[in-house]
Amino acid sequence: EPFACPDPGPVPAFADWSLTGEAPTTGFSTLATSGEYPVYLGSTLSGVWVLPTAGAQDWTVGNSAPTTHTTGDLVVVPDNPLQMYRSAGGRVARTDDGAVSWRQLPFGERGTGSALDGNTYGIAVPRDEPATVYAILDTGVFGVSHDLGETWEARGRIDVVGPDPTRLDYFGRIRIMPGETGSEPILLHDGSFIWRSTDEGSTWEAVAENTGNPDAL
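Residues numbered from 1 in each chain as written. Predicted model: local features only at pLDDT ≥ 70, side-chain atom pairs only at ≥ 80, totals over all residues. Heavy atoms only, no water.

### A look at the overall build of the protein chain
So, point 1. Counting its regular elements, the protein chain contains 0 helices and 18 strands.
So, point 2. In the protein chain, buried positions account for 45% of the 217 residues.
So, point 3. Within the protein chain, counting contacts between residues at least 6 apart in sequence, those at least 24 apart form 37% of the total.
So, point 4. Looking at the protein chain as shown, the accessible area adds up to about 10600 Å², and 54% of this sits on carbon and sulfur atoms. (Helix = DSSP H or I, 4+ residues; strand = E, 2+ residues; numbered from the N terminus. Buried < 20%, exposed > 50% of the residue type's maximum accessible area, 1.4 Å probe, protein only. Contact = heavy atoms within 4.5 Å. Areas by Shrake-Rupley, 256 points an atom, 1.4 Å probe, with all protein chains shown as cover.)

This is the structure in structure tokens:
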């Protein structure tokens, strides 16, 4: 179940957190916010849930979020708390009205034979470029959109075959580090390495071995 803390300062001890309203009973996979309310909760098989205000007692489920797939990633656009991207079932969808309605975007469409054919893992939006979206496929292809996900370009591809073939290779969430606009270092991880790019995903280098297999960066 989700917890909330009334103090917006430094993260307190877990004992200071309290349960916040009713949440999906099927479990949840990811939490997202722009830094202000609403707060969004990506669930397993019950869509996206919304906590609209700090004083709200219950989470409400978005009306049109697909519920047949687990939410893989959920990213709120900086400075627009009602606009958000969701990966689920291998596809990317966008909402412009706070999870009331969703529209599938042309990324992760399987069976097309294009470079963007695959299952979507992580998504990210640069803080200073709200119209730009990054996404990574299970094929290792990194996609970039500069028009809110309406059109996509396949950039560099990460070799998903690690040095140890017995290890599971998968891509986690994308993280954008502070830097100059257009050249912020991008980090992501798979089952073997932590990868870094400084040219919007065109080229990648393995900067550390992912021995701990973290769930997030």
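So, next bit.
### Re the pattern of salt bridges
So, point 1. Going through the model one piece at a time under the given rule, you end up with 6 salt bridges.
So, point 2. For the salt bridge of arginine 94 with aspartate 96, the shortest nitrogen-to-oxygen distance reads 2.9 Å.
So, point 3. You can call arginine 94 buried: its relative accessible area is 9%.
So, point 4. Within this structure, Arg94, Asp96, Arg103 and Glu150 form a network of salt bridges that share partners. (Salt bridge = Lys/Arg side-chain N within 4 Å of Asp/Glu carboxyl O.)

### Points about the packing of aromatic side chains
So, point 1. Within the structure shown, the criterion is met by 3 aromatic pairs.
So, point 2. The rings of Tyr134, Phe142 and Trp204 are connected pair by pair, giving a single aromatic cluster. (Phe/Tyr/Trp six-rings, centres within 6.5 Å; stacked < 30°, edge-to-face > 60°.)

### Focus: the sheet that holds strand S17 (residues 193-197)
So, point 1. Read from one edge of the open sheet, 4 strands run S15-S16-S17-S18, paired in antiparallel fashion. Since the sheet does not close on itself, it has two edges, and those belong to strand S15 (175-176) and strand S18 (205-209), each with one partner.
So, point 2. Pairing between strand S16 (residues 186-189) and S17: 4 bridges, direction antiparallel. If you follow isoleucine 186 over to S17, its bridge partner there is serine 197. (Pairing = 2+ DSSP bridges.)

### Describing the sheet that holds strand S11 (residues 120-124)
So, point 1. Spatial strand order, S11-S12-S13-S14: 4 strands in an open sheet with antiparallel pairing. The open sheet is flanked by S11 and strand S14 (153-157), the only strands paired with a single partner. The average undirected angle you get between the axes of adjacent strands in this sheet is 25°.
So, point 2. With 3 bridges connecting them, strand S13 (residues 141-145) and S14 associate as antiparallel partners. Within the sheet, the bridge partner assigned to valine 144 lies in S14 and is glutamate 153. (Axes fitted to C-alpha atoms, helices over the stretch in contact; angles between N-to-C directions.)

### Describing the confidence of the model for the protein chain
So, point 1. On average, the protein chain scores 75 in pLDDT, and the residues at 70 or more come to 70%.
So, point 2. Per-element confidence in the protein chain ranges from a low mean pLDDT of 45 for strand S2 (residues 18-19) to a high of 92 for S13.
So, point 3. Across residues 1-20, where pLDDT falls below 50, the model places 27 contacts with residues more than four positions away in sequence or in other chains. (pLDDT = per-residue confidence, 0-100.)

### Notes on the nonpolar core
Side chains of nonpolar character tend, in soluble globular proteins, to be buried together.
So, point 1. Counting 14 residues, the largest nonpolar core has Tyr85, Val92, Phe107, Ile123, Val133 and Trp152 as its most contacted members.
So, point 2. Residue contributions to this core peak at 3 residues, all from strand S12 (residues 133-137).
So, point 3. Valine 92 has contacts with Tyr85, Arg86, Arg103, Gln104, Leu105, Phe107, Thr120 and Ile123, leaving out every residue within four places of it along the chain.
So, point 4. Membership of the second largest hydrophobic core comes to 12 residues, among which are Phe142, Phe171, Leu188 and Trp204. (Core = buried A, V, L, I, M, F, W, Y, C linked by side-chain atoms within 4.5 Å.)

### So, unusual backbone geometry
Most peptide bonds take the trans configuration, and most residues that are not glycine carry a negative phi.
So, point 1. For the peptide bond that leads from tyrosine 37 to proline 38, omega is 5°, which places it in the cis range.
So, point 2. Within the secondary structure layout, proline 38 lies in the loop between strand S3 (28-32) and strand S4 (39-43).
So, point 3. Unusually for a residue other than glycine, alanine 99 sits at a positive phi of about 75°.
So, point 4. Look at alanine 99 and you get buried, because its relative accessible area is 0%.
So, point 5. Non-glycine residue glutamate 200 carries a positive phi angle of around 60°.
So, point 6. With respect to the helices and strands, the residue glutamate 200 is situated in the loop between S17 and S18.

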